[in-house]
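Residues per chain, in single letters:
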Amino acid sequence: MNAIICPDGELPDNQDRVAQPGNKGMAMLADWMAGMNAMAPEGRRAPLIFALREILQSPDDPSHMLAGLLEADCAWFVDAEAASRKYRHDSFSARPTPERFHWEMSEIGNQFGQAFAACAHALAAVEGATALADDLLLQSIAHALFHYGQYVKWLGCNREHPRTGMWQEMHQLFEMAARRRLAVRPLLLFRSEEQIATCAQLWLRAVMVMTLNTGNLSPRQIDRSERWLAEWCKGIAIDEKQDPSLHLYCVDLGADAGAQRAGSGLPAARPVYLRTSHLYGEIVKARSNFLGESIASSLGLYAKNPLREYLDLLDQLQRAWASAPADTLRRSSPRLATPAGTPVEVVQGFDRILALHEQRSGGRTDAGLWTLRDYSEGGVGLAVPRQTDRAPATLQVIALRMQGETAWRIGTLVRVIILQSQGERLAGVRLKGTGPTLISIEEVVDVPVRGAARRPSEDWEIEAPPRTYRVFFLPGDEHNNRADSLLCAAGTFKGARNFRLRSTAREYIIRMNRVIEGTNDWERIGFHVQEKRPLAQKP
């Protein structure tokens, strides 16, 4: 059997007994079901992938094959739901790495989808439609569409796109169900799940999840969106004629592609249009639920499952799915005439950026070389080479300098997309202001001198030695009502504290009062100016 390649290399070849040439795929699947309870949860996925791949290599009678797949699918569904729920509450629970976890989950969805699709095509080829044949065909199509949706979701968590031909297979299954008048017939997919689904809803669920694979949502946000869509897709209408005021997305059933913007101008052989206007009400309802006491207490306001992450998700879903202006989303600032393909030096991570500026001009940068795709005053689009020092990640802070420039700009990666065909990554960068300046701030400990007046601007005694931090000053933008802020190493903000900041002519006493954004590497901090003094005056 060919090796299965995943982000961490080959899957462990511990399936010698079931992988012998004489064993059929269904026997392997039965062995997996019999032994799954004895395996650790993270050890169950690799042998299941082996079994499903073997099934596709040795097809069986479609009715017998479908019965075995359905039984295994019910067992896997319970396991997959538990793993997904655990991952949403604690992203560190994915073993051995989140990337491998996402890949294994997506590959199982892909293999299950192909196996059920093979059953559907075999059953559809049998002449003479009966009620039993329609029921078997409906189950085959519905389970195939469900698992292709899981495949799309978990690929999106790794910022990858489906294999060539997957969308065409999904569209064919959806049209097959529509021709047999099965697309809107409800069925219960799994005994342990109470929700009733239809083939149309399952197709829509996968299509809508794929619209979120833009690189600017976290894996947990994508997983949560797919959960909501299980219910929300019931209200999405599929229309054959376009109304620009109602339809944001179009799907070409004759193309190997998912949903496209309805006004994109792309040619479509067999277009259908998705009416998603009702999603606005669902998003508003979800936001209200998140603000309620019961949901807040169940999610918990702690780092491993932040409520803010899901509220941010709802804002993004509203812009993407439920707002007509989303059809014309673009950068607020016009693109500049910098030629595409220009080399761009990039330094990743706050510590490396700080070391870069400490070296001053002419210093050794150890920068990676990326390529410019487009550019504006507020953002930059870059192509990341396949072999790079550090893989780019959403919310990572970077410094960049284009060919021919001397000054470095600082920004954060707001989206990262992997082009599966070339293995190249596309990165979108939001720039932090027009001219970040490296400065020092000195912590002030206010201790009134005994017997002296306790005015805030006089008679301060400074504990020695005061702690000094090197930070970047980010000038604000009055036009956009954006205040000045500081870009610091993570952990600098430890409650409201006073710091001394010196310019060429003045000294400022500032008070840090909030973290605006950040990660475990950096944070942008807001502050309030408490006092201004001439530089010559001493406290």
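Residues numbered from 1 in each chain as written. Predicted model: local features only at pLDDT ≥ 70, side-chain atom pairs only at ≥ 80, totals over all residues. Heavy atoms only, no water.

## So, the environment of Ile236
The criterion, for reference: Strands here are runs of E lasting at least two residues and helices are runs of H or I lasting at least four, both read from the DSSP assignment and numbered beginning at the N terminus. Buried means the residue's accessible area, taken with a 1.4 Å probe over protein chains only, is under 20% of the maximum for its type, while exposed means over 50%, and partly exposed covers the values in between. Any two residues having at least one pair of non-hydrogen atoms within 4.5 Å are treated as being in contact.
Counting through the fold element by element, Ile236 comes out in the loop between α8 (219-232) and β3 (237-239). In this structure Ile236 comes out as buried when scored by relative accessible area, which is 7%. It is 7.9 Å that separates the C-alpha atoms of Ile236 and Leu279, two residues lying 43 residues apart in sequence. With sequence-adjacent residues up to four places away left out, Ile236 is seen in contact with Leu204, Met208, Leu274, Arg275, Thr276, His278 and Leu279.

## Section: a positive patch on the surface
Our working definition: Like charges are joined within 9 Å and nonpolar side chains (Val, Leu, Ile, Met, Phe, Trp, Tyr) within 5 Å, but only among residues with over 30% relative accessible area and no salt bridge; these make up the patches. For every accessible area listed, the method is Shrake-Rupley and the probe measures 1.4 Å; residues are considered covered only by the protein chains on display. Salt-bridge detection follows one rule: a side-chain nitrogen of Lys or Arg within 4 Å of a carboxyl oxygen of Asp or Glu. For the charge count, each Lys or Arg is scored as positive and each Asp or Glu as negative, with His and the chain ends excluded. Positions of charges follow a simple convention, taking NZ of Lys, CZ of Arg, CG of Asp or CD of Glu.
Together, Arg319, Arg415, Arg430 and Arg482 line one region of the surface with positive charge. With respect to the helices and strands, Arg319 occurs in helix α11 (residues 307-321).

## A word on the environment of Thr97
What counts is decided by this rule: Polar contacts, as counted here, are pairs of nitrogen or oxygen atoms within 3.5 Å of one another; within protein the pair requires one atom able to donate a hydrogen and one able to accept it, and residues that are adjacent in sequence qualify only if both atoms are side-chain atoms.
Among the structural elements, Thr97 can be located in the loop between α3 (62-89) and α4 (98-124). A residue is classified by how much of its surface remains accessible, and Thr97, at 23% relative accessible area, is partly exposed. For Thr97, the side chain forms a polar contact with the main-chain nitrogen of Arg100, separated by 3.2 Å.

## Quick word on the packing of aromatic side chains
Cut-off, in case you're wondering: What counts as a ring pair is set by centres within 6.5 Å for rings of Phe, Tyr and Trp (its six-membered ring), and what kind of pair is set by the plane angle: stacked under 30 degrees, edge-to-face over 60, tilted for all other angles. In this scheme, Lys NZ or Arg CZ marks a charge over a ring once it lies within 6 Å of the ring centre and within 35 degrees of the ring normal.
Taken as a whole, this structure holds eleven aromatic pairs when the rule is applied. Note on Tyr87 and Trp154: the rings are 6.4 Å apart at their centroids and 65° apart in plane angle, and the pair reads as edge-to-face. Separated by 67 residues along the polypeptide, Tyr87 in helix α3 and Trp154 in helix α5 (residues 131-157) bring together distant segments of the chain. A relative accessible area of 2% places Trp154 in the buried class. Note on Phe112 and Phe116: the rings are 6.0 Å apart at their centroids and 20° apart in plane angle, and the pair reads as stacked. Linking Phe112 with Phe116, this pair stays in helix α4, spanning four residues, or about one helical turn. Here Phe112 and Phe116 have matching classes, each one buried. Among the aromatic residues, ring-to-ring pairing joins Phe77, Phe146 and Phe190 into one connected group. Just above the ring of Tyr310 sits the side chain of Arg224; from NZ or CZ to the centre is 5.2 Å.

## Here's the deal with the layout of surface pockets
The condition is simple: Only protein atoms enter the calculation, which uses a 1 Å grid: trapped sets of points that fit a 1.4 Å probe without letting it out are cavities, open sets showing protein on both sides within 12 Å along at least five of seven lines are pockets, and any residue with an atom within 4 Å of a point is a lining residue. Grid points are joined across faces, edges and corners, and a volume is the space filled by probe spheres set on the points. We call Asp, Glu, Lys and Arg charged. Ala, Val, Leu, Ile, Met, Phe, Trp, Tyr, Cys and Pro are nonpolar, and the rest, Gly among them, are polar.
Roughly 420 Å³ of internal volume is contained in the second largest pocket. Taken together, 27 residues form the lining of the second largest pocket, with Phe77, Glu81, Glu193, Arg205 and Arg227 sitting closest to its centre. Sorting the residues of the lining of the second largest pocket by element identifies α3, α4, α5 and α8 as the ones contributing at least two each. Top element by residues in the lining of the second largest pocket is α3. It accounts for eight residues. Taken together, the residues of the lining of the second largest pocket break down into twelve nonpolar, six polar and nine charged.

## Concerning the sheet that holds strand β20 (residues 522-534)
Filter applied, for reference: A strand pair is defined by DSSP finding two or more bridges across the two strands. Geometry is summarised by axes, namely lines fitted to C-alpha atoms with helices restricted to the contacting stretch, and by angles between N-to-C directions that run from 0 to 180 degrees.
What the six strands build is a closed barrel, ordered β13-β16-β17-β20-β19-β18; its pairing is antiparallel. The average undirected angle you get between the axes of adjacent strands in this sheet is 45°. The sheet strands contacting helix α12 (residues 350-359) are β13 (437-444), β16 (468-474), β17 (485-489) and β20, and the helix crosses β16 at an angle near 90°.

## Notes on the sheet that holds strand β4 (residues 247-252)
Pairing between the strands of a sheet comes from backbone hydrogen bonds, and it takes one of two forms, parallel or antiparallel. An order of β3-β6-β4-β5 is seen for the four strands of this open sheet, with the pairing classed as antiparallel. Here the strands that pair on one side only, and so sit at the sheet edges, are β3 and β5 (259-261). Averaged over all pairs of adjacent strands, the angle between strand axes in this sheet comes to 35°, irrespective of strand direction. Relative to β5, β4 is paired through three bridges, and the arrangement is antiparallel. Each bridged residue has a counterpart across the sheet, and for Tyr249 the counterpart in β5 is Arg261. Most of the contacts of helix α7 (residues 199-210) go to strand β6 (residues 271-275), to which it runs at about 85°, and overall it touches β3, β4, β5 and β6.

## Quick look at the nonpolar core
Heads up, the condition is: Residues belong to one nonpolar core when they are buried, are Ala, Val, Leu, Ile, Met, Phe, Trp, Tyr or Cys, and are joined through side-chain atoms within 4.5 Å.
Core analysis: the biggest nonpolar cluster contains 94 residues, and Leu29, Leu69, Ile141, Trp203, Trp232, Leu274 and Trp321 have the highest contact counts within it. Considering each element in turn, this core owes the most residues, 13 residues, to α5. Beyond its immediate sequence surroundings of up to four residues, Leu274 is in contact with Trp203, Leu204, Val207, Met208, Ile236, Ala237, Ile238, Leu246, His247, Leu248, Tyr249 and Val251. Among the nonpolar cores identified, the runner-up in size contains 15 residues, and Leu372, Val384, Leu400 and Leu413 belong to it.

## Remarks on the pairing of β16
The sheet contact formed by β13 and β16 spans six bridges and is antiparallel. Across the sheet, residue Ile441 finds its bridge partner in β16, namely Tyr469.

## Considering empty space enclosed by the protein
To find leftover empty space, a probe the size of one water molecule is rolled over the atoms. Enumeration over the complete set of coordinates arrives at three cavities of 30 Å³ or more. Approximately 50 Å³ is the volume attributed to the second largest cavity. Lining the second largest cavity we find Leu145, Phe146, Gly149, Gln150, Leu202, Arg205, Ala206, Val209 and Glu226. Counting only elements with at least two residues in the lining of the second largest cavity, the list comes to α5 and α7.

## Examining the packing of α3 against α5
Our working definition: Helix crossings fall into two classes, left-handed where the near helix is turned counterclockwise from the far one by less than a right angle and right-handed where it is turned clockwise.
Closest axis-to-axis distance for the α3/α5 pair is 11 Å, and the angle between their directions is 35°. Both α3 and α5 take part in a crossing whose hand is left-handed. Contacts between α3 and α5 involve Ser63, Leu66, Leu70, Asp73, Trp76, Phe77, Ser84 and Tyr87 from the former and Leu136, Gln139, Ser140, His143, Phe146, His147, Lys153 and Trp154 from the latter. For the contact of α3 with α5, the per-class residue count stands at eight nonpolar, six polar and two charged.

## Let's talk about the pairing of β17
Taking burial as the measure, the five residues of β17 include four buried ones, the bulk of the element. Here β16 pairs with β17 via three bridges, running antiparallel. Paired with Phe472 across the bridge in β17 is Leu487. Pairing of β17 with β20 involves five bridges; the strand directions are antiparallel. Looking at the pairing, Cys488 lines up with Glu523 of β20.

## A short note on unusual backbone geometry
Leave glycine aside and you will find that most residues have negative phi; peptide bonds, for their part, are mostly trans. Positive phi values are uncommon outside glycine, yet Arg159 reaches one of about 60°. Positive phi, close to 60°, is recorded for Arg181, a residue that is not glycine. Note that Arg181 resides in the loop between α6 (166-179) and α7.

## Overview of the pattern of salt bridges
Counted by the stated rule, this structure contains 22 salt bridges. Across the pair Arg100 and Glu104 runs a salt bridge, and its minimum N-O distance is 3.1 Å. One end of the pair is Arg100 and the other is Glu104, both in helix α4 and four residues apart, which spans about a single turn. Between Lys153 and Glu226 there is a salt bridge, with its nearest N and O atoms 3.3 Å apart. Note that Lys153 is positioned in helix α5 and Glu226 in helix α8, a separation of 73 residues in sequence.

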